Amino acid sequence: MTENSGNIKESLEEFVKQALQSYAEAQGVTLPKMTILIERPKVKEFGDFASNAAMQTVKIFKKNPMEIAEGIKERIPPSPLIGEISIAKPGFINFRLNPAASGIALKTILAQGADFGRVNVGNGKKVLIEFMSANPTGPLHIGHARNAILGDSIARILNAAGYAVTREYYYNDAGVQMKNLGLSLQARYRQALGEDVPFPEDGYQGDYMKEIAQMLVAEKGDSLKSTQETQAFTQFAADHIIKLIDADMRALGIYFDNWFSEASLHKNGKVDRALDRLAQQGMLYEKDGATWLRSEQFGDEKDRVVIKSDGEKTYIMPDIAYHQDKFERGYDILINVLGGDHHGYVPRLKAGVQALGFDAARLHCIVFQMVTLLKDGEQIKLSTRAGKFITLKNAIDELGADVVRFFFLMRGADSQMTFDWQLAKDHSMNNPVFYVQYAHARCCSLFKKAEEMGITWLGVEQGDPALLALEEEQTVIKTLERYPEMVRLAAETMEPHHITVYLCELAGAFHTLFTSGTKDETKRFLRPDEPALTQARMTLVAALRQVLANGLNLIGISPMEKM
RNA sequence: GCGCCAGUAGCUCAGAUGGAUAGAGCAACGGACUUCUAAUCCGUAGGUCAGGGGUUCGACUCCCUUCUGGCGCGCCA
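Parameters and conventions
- Residues numbered from 1 in each chain as written.
- Chains lettered and ligands numbered in written order.
- Predicted model: local features only at pLDDT ≥ 70, side-chain atom pairs only at ≥ 80, totals over all residues.
- Heavy atoms only, no water.
- Helix = DSSP H or I, 4+ residues; strand = E, 2+ residues; numbered from the N terminus.
- Buried < 20%, exposed > 50% of the residue type's maximum accessible area, 1.4 Å probe, protein only.
- Contact = heavy atoms within 4.5 Å.
- Areas by Shrake-Rupley, 256 points an atom, 1.4 Å probe, with all protein chains shown as cover.
- Lys, Arg positive; Asp, Glu negative; His and termini not counted.
- Charge placed at Lys NZ, Arg CZ, Asp CG, Glu CD.
- Core = buried A, V, L, I, M, F, W, Y, C linked by side-chain atoms within 4.5 Å.
- Pairing = 2+ DSSP bridges.
- Right-handed = clockwise from strand over helix to strand, strands pointing away.
- Polar contact = N/O pair within 3.5 Å; in protein donor to acceptor, adjacent residues only side chain to side chain.
- Arc of directions from axis to C-beta.
- Phe/Tyr/Trp six-rings, centres within 6.5 Å; stacked < 30°, edge-to-face > 60°.
- Lys NZ or Arg CZ within 6 Å of the ring centre and 35° of its normal.
- Domains from an automatic or database assignment.
- Expected span 1.5 Å × (residues − 1).
- Salt bridge = Lys/Arg side-chain N within 4 Å of Asp/Glu carboxyl O.

J.: Please set out the overall build of chain A residue by residue, giving values where relevant.
T.: Scanning chain A for helices and strands turns up 21 helices and 15 strands. Dimensions along the principal axes, computed over C-alpha positions, put chain A at roughly 85 × 65 × 40 Å. When each of the 563 residues of chain A is scored for burial, the buried share is 53%. Restricting the contact set of chain A to residue pairs at least 6 apart, pairs at least 24 apart contribute 72%. Surface accessibility of chain A: about 26,200 Å² in total, with carbon and sulfur atoms responsible for 50%. Positive and negative side-chain charges of chain A, numbering 64 and 72 respectively, have mean locations separated by a distance of 2 Å.

J.: Before we move on, could you go through the nonpolar core and cite the residues and values that matter?
T.: Of all hydrophobic cores here, the largest spans 115 residues; its most connected members are Met249, Phe419 and Leu480. In terms of residue count, the dominant contributor to this core is helix α21 (residues 531-554) (eleven residues). Leave out the neighbours within four places in its chain, and leucine 480 touches Leu106, Ile109, Phe116, Tyr502, Leu506, Leu540, Ala543, Leu544 and Val547. Core analysis: the next-biggest nonpolar cluster, separate from the first, contains 32 residues, Leu128, Tyr331, Leu338 and Ala351 among them.

J.: Can you explain the pairing of strand β12 (residues 363-368)? Please cite residues and give values.
T.: Of the strand pairs in this sheet, strand β11 (residues 333-339) and β12 are connected by six bridges, and their pairing is parallel. Counterpart to glycine 339 in the pairing with β12 is phenylalanine 368. Where the polypeptide runs from β11 across helix α13 (residues 346-355) and back to β12, its parallel neighbour, the crossover connection is right-handed.

J.: I'd like to hear about the side chain of arginine 348, residue by residue, with values.
T.: Mapped onto the fold, arginine 348 is located in helix α13. One polar contact links arginine 348 to tyrosine 315, side chain to side chain, over a distance of 2.7 Å. Reaching out from arginine 348, the side chain makes a polar contact with the backbone oxygen of glycine 344 at a distance of 3.5 Å. Here arginine 348 is in contact with Asp300, Arg304, Tyr315 and Ile316, once residues within four sequence places are set aside.

J.: Describe helix α14 (residues 392-399), and please don't skip the residues or the numbers.
T.: Those residues of α14 not exposed but buried are Leu392, Ala395, Ile396 and Leu399. The buried side chains of α14 occupy one side of the element, clustering within an arc of 95 degrees when seen end-on. Its buried side turned inward, α14 meets α6 (144-160), α9 (231-251), α15 (401-409), β15 (418-420) and α16 (421-425). One or two steps after α14, the chain reaches glycine 400, where phi turns positive at roughly 95 degrees.

J.: Pulling in residues and values, what's your account of the packing of aromatic side chains?
T.: The full count for this structure, using the stated rule, is 21 aromatic pairs. Ring geometry for phenylalanine 419 and tryptophan 421: centres 6.5 Å apart, planes at 50 degrees, overall tilted. This pair shows no difference in class: phenylalanine 419 is buried, exactly as tryptophan 421 is. Among the aromatic residues, ring-to-ring pairing joins Phe131, Tyr169, Phe256 and Trp259 into one connected group. The lysine or arginine in question, arginine 188, covers the ring of phenylalanine 199, its NZ or CZ lying 3.8 Å from the ring centre. Seen from the ring of phenylalanine 514, arginine 442 lies directly overhead, with NZ or CZ sitting 3.8 Å from the centre.

J.: Help me get a handle on the domain arrangement of chain A, residues and values and all.
T.: What the domain assignment lists for chain A is domain 1 (5-98), domain 2 (176-251) and domain 3 (429-554). Each of domain 2 and domain 3 has a C-alpha centre, and the two are 53 Å apart.

J.: Would you mind going over α9 in detail, with residue names and values included?
T.: The α-helix winds at 3.6 residues per turn, so residues separated by three or four positions along the chain end up facing the same way. The first and last C-alpha atoms of α9 sit 30 Å apart over 21 residues, in line with the 30 Å expected at 1.5 Å per residue. Within the span of α9, buried status applies to Phe233, Thr234, Phe236, Ala237, Ala238, His240, Ile241, Ile242, Ile245, Asp246, Asp248 and Met249. On its buried face, α9 sits against α6, β6 (164-171), α7 (176-192), α8 (207-220), β7 (258-261) and α14. Glycine 253, located one to two residues past α9, shows a positive phi value of around 80 degrees.

J.: Could you give an account of the pattern of salt bridges, with specific residues and numbers?
T.: All told, the structure shown has 25 salt bridges when counted by the stated rule. A salt bridge links lysine 210 to aspartate 207, with the shortest nitrogen-to-oxygen separation between them at 3.6 Å. Remark: aspartate 207 and lysine 210 occur in helix α8; sequence separation between them is three residues, near one turn of the helix. With a relative accessible area of 51%, aspartate 207 lands in the exposed category. Close ionic contact of glutamate 452 with lysine 449 constitutes a salt bridge, the shortest N to O distance being 3.9 Å. Residue glutamate 452 and its partner lysine 449 are both found in helix α17 (residues 432-452); the two are separated by three residues, about one turn of the helix. Accessibility expressed as a relative area gives 62% for glutamate 452, which makes it exposed. Residues joined in a network through salt bridges with shared partners are Asp152, Arg156, Arg167 and Arg405.

J.: Talk me through the sheet that holds strand β3 (residues 82-88); I want residue IDs and the actual numbers.
T.: The four strands lie next to each other as β1-β2-β4-β3, forming an open sheet whose pairing is antiparallel. Pairing within the sheet leaves two strands with one partner each, and these edge strands are β1 (38-39) and β3. Inspection of the sheet shows strand β2 (residues 49-51) paired to strand β4 (residues 92-97) by three bridges, in the antiparallel sense. The residue of β4 that forms the bridge with serine 51 is isoleucine 93.

Following this line, the structure appears as structure tokens:
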């Protein structure tokens, strides 16, 4: 295990823990089980790290926190990492690291390269993340993108955090909606052949159905003209629409490992098997001619019907079977990403999973709030049923995949976000995507410039990090050090936006440093008159470029070399 | 009526297991380009963290309550 900043933090935690233990023994007090927290103070005057252990233990020691802090401080073993320990007002113990620590950070970054920031939260556990799962009934609109991008980014982050992740798309190719789709295509097909047939009342109205009908005509001629069976139409439409969806996903850099069909669950008897299992567990009962699931006892609002009095299964049944299948495939953790309009469904599904005998805590449902699109001064709500929508393809074509991804990752999943089309379209400094990408491009540009100037970077070993004494440089280094912690945070909370926010901050620290060089030549990176300093600074730029690239990859955005 | 999510600067939003002086971008105003890419930077102004209680050494964060907004509450999917 290479030493890095994450470990510095962990070492400090260990030091404080031991010191606290030793102090407790000296005081003849038994410590309850507690976690020692080390945090980074917001205000840099307080140092690099701080612990609130003394304040947390006031009641245990029955002493003034300042006094406890002093007692702990005395017992912290000397370390080459720690420069200074001080105690402040209410009872904080503040740590300032030795400048040498920043050298270690840069070395670690460059030694680990693309692996810097990989942390071990998951311990190799198998995760199945199911996302998108939009029914193949029409093209995706821009609101769908939030699901796709969240899911994919979480997958990337968990992957970096030591989980073995599988991405899966579940599509409902059974049931009434699909039948409806088939009927819609059938009508369009016959219309395309010149017949005057009515269009189903609640059919899928979009023009895309006409296009698909044209394709069907091209492929099959009029051979299906008098076919009453809708299955062939459904199949054709669904296959085609799934291809469109997959194309959109690929355009966003998203690749599913599995496409899972609902119909397959029915075909191979998995739905019936799940039903049997529920019955065996005594989770079903009959009432009013229907079969009910005892979901209320697992936290659902009420019991749910799983088989209607007409003998048809309700929609929840295949979903329960699907989740049984997921667990049986050996996954430790299941993640579902779904829109806020489906949040009511979560307790139901969890109850179903528990009724089967699985631990519902292994199923994480990530719920994101709806998106409003702001375009041409108009607010458009993006629900699936909204008549007016902008297709995802349209957005990717006009804005670019990076912009679309970044915008959805700037905010937490549970913020009702507004997608500002004008801002997204603005390829200028107002657009935060370019702010971060520009930072990466600037790093690359510095290396090109160095080459032009005949300067060669000789690698980490040649740059003495102690020369990086500017305040702006230190800010950049401290921000770089935090990267693994950010990955850990994003993984533990399954919230990718922490990475995005962090990258903006890192880019900002670099831009500040860079621009300081335009005002004061001594602050420039490339100074032929100061070879040693130039080497050290190039080391910093190399590390920075690496972390920016790693972070951007983590949220699926390309690090541009030139802009 | 019940449940979930939210309410932080004029606008869009950050604020990790409760911590020290609540942050950023945009918009406004004032500055910095004979440059290592100004797609950048610096400064000024902007706040009763929706309101009210509570928990404690300490609350934007946790609990209760009121108000406002979004979304859900079927033998629909």
